[in-house]
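Tertiary structure, described
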Amino acid sequence: MCAQVKHPDIRKGDDGQLVYTRDEKGNRIPDFSYCGYMASEKPVPDVPARIFVPVTEGDATAGIQSAIDYVASLKPDKNGFRGAVLLGKGTFSVHGSLQMPYSGVVLRGSGPGPGGTILSGAGKIRQPLINIKGQDNRQYGDTIATANTFVPVNATEIPLVSTKGLKAGDKIYIRRISADSWIKTLEMEEFGGETGWIGWKPGDVDILWDRQITEVNGNTITIDVPLTEALDPQYGPAEVIPYTWTGRSSHNGVENLRLVSAYDTRNEKDEQHRWFGIIMENITDSWVRQVTFEHFAGGAVKLLSTVKKVTVEDCKSLDPVSEIGEPRRYTFYTEGQQTLFQRCYSEYGYHDFAVGGFGTPGPNAFVQCKAYLPYSFSGTIGSWASGVLFDVMEIDGRALSLKNREQAGRGAGWTASNSVFWESSASKIECYSPPTSRNWAFGVWGQFSGNGHWKDVNSHISPRSLYYSQLEERLGELPYDPYIIDLGTEPSSSPTIEQAAELTALAAQKNTELSGWIGRASERNPIPTEHHNIKKAEDLISSSSEKTVPVSRKIQLQNGWLTFGEKLLTGTRYTVQWWRGSLRKREIDRAAPHITRFSPGYTGTGYTDNLDEVVSYMAANNVAGIEHNYGLWYDRRRDDHERVRRLNGDGWPPFYEQPFLRSGEGEAWDRLSKYDLTRYNDWYWNRLKSFADRAEQQGKLLVHQQYFQHNILEAGAHWADSPWRPANNINHTGFPEPPPYAGDKRIFLAEQFYDVNHPVRRELHKQYIRKGLENFAGNSNVIQLTSAEYTGPLHFMEFWLDVVARWEEESGRDQWTGLSATKDVQDAILQDQKRSAVVDIIDIRYWYYKEDGSAYAPPGGKNLAPRQHARKMKTGKETPEQVYRAVREYRRKYPGKAVIYSTPGSGRFGWPVLMAGGSLPAIPEVDLPRFYTALPQMTVEESAPESVWVLQEEGNSYLLYFKDKATYKLNLENYRGNYDLYQVGLSDGKTTRKSTLRGGRRHTIDETDKLIFIVKR
């Protein structure tokens, strides 16, 4: 006979205490009771109000923010609280986002119900209504490896190789590294077919517990909260990392009010409004209580991975407004640890009660919550959350789930380990146990599936709440009333006559519903709203609201050079990412800044970029401009290059936003609603405008590619989700449907797309081009180009320029209009006197002169993409001499226009471009300010020796580029004064002062492969 395998289990002993069965390795069901504010050891307090804010007309953002900032300036009390901001009754219109970055501040309303406080998020923005975010200034100590020994689930003692430098009270991270051996054991490296690109990679699903050392004994540490996953050396190493974190905020709260997102009532799927009510990040020991949320697209409360010990209680989410699909309507969501959601109600959500993220550490708990008619399941939705409890839950209409999602959620795979369903019901209970771990379901009701541990199904069990039973056992008594609704009836199928009579009488009474129970929270636990004898908001010294600083310096075209503040604009350019990406750390770490990338609820590079940070990145990295085009497709599912209609609307962020608005009507190929090409995505256009405004202050450029030709050529998937495809819009664009995929794989729609004689498409093109111009009216730092990868026909370029010219004439405004096309189209336009006059900038991008002097010049309008041309033609090699030749040729022919050089290899040829008179040369940052102010005054010295390129403002400044060993005779006979001679580093821009040249004489300069800058003192 086989030996019996003992699984971790739990039961109630004869003495009423919980009894835990451990397996042969010592693993047991985790203790979940450490969740919530102060680890549930203390009730949420009533913090004294310090300032009262009455309702006002207009935008209340600044007034409320001033009150928050005032309280933040007060000294904390012994418990860490500074005080509460008390909002009066009525509706406050909030046009921005309220920021709560400092510890000890509570935002309180005068009630969430009728006659209470409403914060109404106005405007077409996606910011959270309230953002509670501390500063991430963590400092890390030396990493210490754990001992090579097994540490079971729920352990608090961890052997290390050394405890040198560690002491009780230290805050530490315990990292369980997701090694290749573990991933292969779980079979998560791929999900079948060609899915390895979304499979787990080592390091993707590390678990990072945030703990405190309570004791050090030899080489063993004891921690304050048990582990929710075993440390098993056969599946990868673990380590301890001490840290300090002064910027993490704590003792914050939002309570006793209603948050509402104002939306376009004409569109029941509108997403041009607030996505989240409250987001917390870099926060601990805080709460949200007695708050009602209405209409938010993304969710009510979102707790990010740097959140710890937060309670969300007695909250309701009503009538969300959004498309249907991931990652929308994640109503009550956490990626943090020790977070507690209790007595929360949600209707019409998606993943209403969910744990996401990657390797999210536990414990986390949802206690006595209900989802009414959701569109999808609640449970764990990310990759490998450990130690999650769903306790006294009801999911009315969908599943409660712990399972392997496989490739859903961009390869979420196994979502949970060491997690428990307790005394809960759902339309379906999905409880699966992964290899190396287990999940449990006790006292559950519904349909069932999974290989997890099942016990007492279709039965009510005791204790009613596992969470509160564990908490009571840990503390000896409960620190506050859990307010668990009593079942209150006799469960027997054979009651006595007396019991039957009593139950019959009770049947005439209405049962207590959770939504109503939450609504009466203010009766059970009233929050004080007295505001006499406290400071009034009007008593604050009003600070002038932030004003837009007018841009005094504009980008100008000066002597054929693009300048800013009398200085030549130089530096690199890069193109925003337009496909690929994920929220996994390794891809976030290598992401570059973007403008219209959107990751709901996340801010930073790789997510939804902070635009100020984008401009700072440009300044710090010598980036002159960002080239922007809309995404190849909206969500990352299409990165697989399949052409099929998607199963559902579950998109994979980050999203590369499209310029058009979803209509709320019908169903596009990605299963979200169809686009309306006559209406525009305000978030997309406002982001571009906001970036341009910020960048202009710093003399940085936005190169705005109005179209993206990649959609209409090459792989058929490029067209599958395009807003212009008839299946994806409500505008009858007239393209063939189903698409005429060549060989059922490729797409050749350029000729039809560029057909401006089609009446519908012509008008749509015209409106769209004008939108791209109007959006940047008044900006001097936007260069308008027709399309990324444009190898299209002459007639569409003519049409585009005609629309630009008409707009400029009607508006009385000018834009920097660039001509970026194949050489034949470019030359034809430049020889067209009328259309050439519209062009300000000539962009050499899709052709170049080769080493042998001939031109690599694919013809335009041949329905081939740039790289398709390159595969069929002899591309040859770009050289400095031929780059110089190309730029110089067009500068001579068109001296009033700037010439930029943008071929794929242009980053190597910054100096030849500059020496030929080209703008935006990709040269390193030169550490001499006079260099940049001198250049716009210079012209090319045409009579210089062939081996030396020369720019000069005769008598004032000279720039000499010695290509080989050469001699240059500098004639200063007619000029007085002294001149400084600098050598400029070709690769790093560093300058070295070499000598002084005197005026009134000739000088001979002998150099080899050097750049010399000479300037009059």
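Residue positions are given per chain, counted from 1 along the sequence in the order it is written. Selection of residues for local features in this predicted model requires a pLDDT of at least 70, selection of side-chain atom pairs for listing and counting requires 80 or more, and totals for whole chains, interfaces and linings are taken over all residues. Heavy atoms throughout the structure, all of them, feed into the side-chain values; hydrogens and water do not.

The protein chain carries the name Pectate lyase in an unreviewed UniProt entry, which gives Sinomicrobium pectinilyticum as its organism.

Here we come to the overall build of the protein chain. Segments assigned H or I by DSSP are reported as helices when at least four residues long, segments assigned E as strands when at least two residues long, and all are numbered from the N terminus. Scanning the protein chain for helices and strands turns up 20 helices and 62 strands. Compactness check: the protein chain gives a C-alpha radius of gyration of 33 Å against a globular reference of 31 Å for 1017 residues, within 12% of the reference. Dimensions along the principal axes, computed over C-alpha positions, put the protein chain at roughly 115 × 75 × 65 Å. For the exposure calls, accessible area comes from a 1.4 Å probe over protein chains only, and a residue counts as buried if that area is under 20% of its type's maximum, exposed if over 50%, partly exposed in between. When the 1017 residues of the protein chain are sorted by exposure, 59% land in the buried category. Within the protein chain, contacts between residues at least 6 apart in sequence are counted, and of these 71% link residues at least 24 apart. Counting every atom, the protein chain has about 40,200 Å² of accessible surface; 46% of that belongs to carbon and sulfur. For a compact globule the rule gives 2.2 Å times the number of residues to the power 0.38, and the radius of gyration it is set against comes from C-alpha atoms. Residue contacts follow a heavy-atom distance rule, with two residues in contact if any of their heavy atoms lie within 4.5 Å. Working definition of accessibility: Shrake-Rupley area with a 1.4 Å probe, residue cover restricted to the visible protein chains.

With that settled, consider the sheet that holds strand β57 (residues 957-962). In this description, strands pair whenever DSSP reports at least two bridges between them. One open sheet holds the six strands; their spatial order is β55-β56-β57-β62-β59-β60, and the pairing between them is antiparallel. Of all strands in the sheet, those bounded by a partner on one side alone are β55 (939-940) and β60 (991-998). Sheet topology places β55 next to strand β56 (residues 948-953); two bridges connect them, and they run antiparallel. Paired with V940 across the strands is L951, a residue of β56.

Between Lys or Arg on one side and Asp or Glu on the other, a salt bridge is scored when a side-chain nitrogen of the former is within 4 Å of a carboxyl oxygen of the latter. In this structure the tally under the stated criterion is 64 salt bridges. Ionic pairing is found between D612 and R694, a salt bridge with its closest N-O pair at 2.8 Å. Of this pair, D612 sits in helix α9 (residues 611-620) while R694 sits in helix α10 (residues 682-697), and the two are 82 residues apart along the sequence. Given the relative accessible area of 44%, D612 is considered partly exposed. Owing to a relative accessible area of 32%, R694 belongs among the partly exposed residues under this scheme. Among the charged side chains, a salt-bridge network with shared partners connects D46, R108, E255 and R289.

Now for the side chain of E941. In this fold, E941 is placed in the loop between β55 and β56. Under the convention used here, Asp and Glu are negative, Lys and Arg are positive, and both His and the chain ends fall outside the count. No salt bridge is formed by the buried E941; the nearest opposite charge belongs to R888, separated by 9.7 Å. In this view, E941 contacts V950, Q952 and Y968; residues no more than four positions away in its chain are not counted.

Attention now moves to the sheet that holds strand β49 (residues 782-788). Ordered by their spatial adjacency, seven strands build an open sheet running β40-β42-β46-β49-β50-β51-β54, and the pairing between neighbours is parallel. Either end of the sheet is taken by a strand with one partner, and the two such strands are β40 (572-575) and β54 (898-901). Geometrically, the sheet is characterised by an average inter-axis angle of 25 degrees between neighbouring strands, direction not taken into account. Lines fitted to the C-alpha atoms define the axes, with helices restricted to the stretch that makes contact. Angles between their N-to-C directions range from 0 to 180 degrees. α10 contacts β42 (623-628), β46 (701-708) and β49 of the sheet and is inclined by roughly 155 degrees relative to β46.

There is a patch of like positive charges on the surface, built from K745, R746, R871 and K872. Position of K872 relative to the elements: it lies in helix α17 (residues 866-872). By relative accessible area, K872 is classed as exposed at 74%. Patches here: salt-bridge-free residues with over 30% relative accessible area, like charges joined within 9 Å, nonpolar side chains (Val, Leu, Ile, Met, Phe, Trp, Tyr) joined within 5 Å. One atom stands in for each charge, and that atom is NZ of Lys, CZ of Arg, CG of Asp or CD of Glu.

This part is about helix α14 (residues 794-811). Residue count minus one, scaled by 1.5 Å, sets the expected span of a helix. With 18 residues, α14 extends 26 Å between its outermost C-alpha atoms, agreeing within 8% with the 26 Å of an ideal straight helix rising 1.5 Å per residue. For α14, every residue scored as buried is listed here: F796, M797, F799, W800, L801, V803, V804, W807 and E808. Taken together, the buried residues of α14 touch β46, α13 (759-774), β49, β50 (816-820), α15 (823-830) and α16 (833-836).

The next thing to look at is the packing of α14 against α15. Look at α14 against α15: their axes get within 10 Å of each other, and the N-to-C directions meet at 45 degrees. One finds that α14 runs oblique with respect to α15. Viewed along their axes, α14 and α15 form a crossing whose handedness is right-handed. When α14 is examined against α15, the residues L794, M797, E798 and L801 are found in contact with a partner set consisting of V825, A828 and I829. The class makeup of the residues in the contact of α14 with α15 is six nonpolar, no polar and one charged. Throughout, the term roughly parallel applies to angles under 35 degrees, roughly antiparallel to angles over 145, roughly perpendicular to angles from 65 to 115, and oblique to all others. For any helix crossing, the convention is left-handed if the near helix is rotated counterclockwise from the far helix by under a right angle, and right-handed if that rotation is clockwise. All residues other than Ala, Val, Leu, Ile, Met, Phe, Trp, Tyr, Cys, Pro, Asp, Glu, Lys and Arg, Gly among them, are scored as polar; the first ten of these are nonpolar and the last four charged.

By the secondary structure assignment, N681 is in the loop between β45 (675-680) and α10. Its relative accessible area of 3% is what places N681 among the buried residues. The residues touching N681, leaving out its near neighbours within four places in the chain, are R126, Q272, E657, Q658, P659, F660 and L661. Pairs of N or O atoms are called polar contacts if they sit within 3.5 Å, as long as, within protein, a hydrogen donor faces a hydrogen acceptor (for residues adjacent in sequence, only side-chain-to-side-chain pairs). Engagement of the side chain of N681 in a polar contact is seen with the side chain of Q272, the distance being 3.3 Å.

Attention shifts here to the packing of aromatic side chains. Geometrically, a pair of aromatic rings is defined through the distance of the ring centres and the angle of the planes. Ring pairs shown here join Phe, Tyr and Trp side chains whose ring centres sit within 6.5 Å, with only the six-membered ring taken for Trp; geometry is labelled stacked below 30 degrees between planes, edge-to-face above 60, and tilted in between. As enumerated under the stated definition, the model contains 55 aromatic pairs in all. Relative to W287, the ring of Y37 lies with its centre 5.3 Å away and its plane at 80 degrees, an arrangement referred to as edge-to-face. Pair noted here: Y37 is in the loop between β2 (18-21) and β3 (49-53) and W287 is in strand β20 (residues 283-294), with a separation of 250 residues, a long-range link. Across the pair, W287 and Y37 agree in class, each one buried.

Moving on to the nonpolar core. Counting 125 residues, the largest nonpolar core has F691, L914, F931, L959 and F1013 as its most contacted members. Here this core takes eight residues from α14, the largest share from any one element. The split into domains, and so the bounds of each, comes from an automatic or database assignment of domains. Both of domain 2 (555-916) and domain 3 (937-1016) provide at least three residues apiece to this core. For L914, the residues in contact, after removing those within four places along its chain, are W561, L568, P921, I923, F931, L935, L951 and L959. Grouped together as the second largest cluster of nonpolar side chains are 61 residues, F92, A300, F366 and L540 included. Here, nonpolar core refers to any group of buried Ala, Val, Leu, Ile, Met, Phe, Trp, Tyr and Cys residues whose side-chain atoms link them within 4.5 Å.

A few words now on the confidence of the model for the protein chain. Here the protein chain averages 96 in pLDDT, while 98% of its residues score no lower than 70. For the stretch residues 543-547, pLDDT sits under 50, and the model shows zero contacts to residues farther than four places along the chain or on other chains. In predicted models, pLDDT denotes the confidence assigned by the predictor to each residue on a 0 to 100 scale.

A few words on a negative patch on the surface. A contiguous patch of negative charge on the surface is contributed by E851, D852, E881, E946, D964 and D1009. When you line up the elements, D1009 lands in the loop between β61 (1002-1007) and β62 (1011-1016).

Turning to the environment of S317, a few remarks are in order. Mapped onto the fold, S317 is located in strand β22 (residues 307-318). Distance in space between the C-alpha atoms of S317 and L569 is 51 Å, their sequence separation being 252 residues. In this structure S317 touches F293, A300, T331, F332, Y345, S346 and E347, once residues within four positions along its chain are discounted.

So, on to the pairing of strand β31 (residues 419-422). Of the two faces of β31, the one holding S419 and F421 and the one holding V420 and W422 are both buried throughout. Relative to β31, strand β29 (residues 388-402) runs parallel, the two sharing three bridges. Across the sheet, the residue bridging to L389 is V420, located in β31. Examined bridge by bridge, β31 and strand β33 (residues 439-442) share four bridges and lie parallel to one another. Residue pairing across strands places F421 opposite A441, the latter belonging to β33.

Glancing now at the pairing of strand β21 (residues 299-303). Counting buried positions along β21 gives five out of five residues, so the element sits mostly inside the fold. In this structure, strand β19 (residues 276-281) lies alongside β21, joined through four bridges in parallel fashion. From the neighbouring strand, I278 faces β21, where its bridge partner is V301. Bridge analysis of β21 against strand β23 (residues 332-334) gives three bridges, and the strand direction is parallel. Following the sheet pairing, K302 is matched in β23 by Y333.

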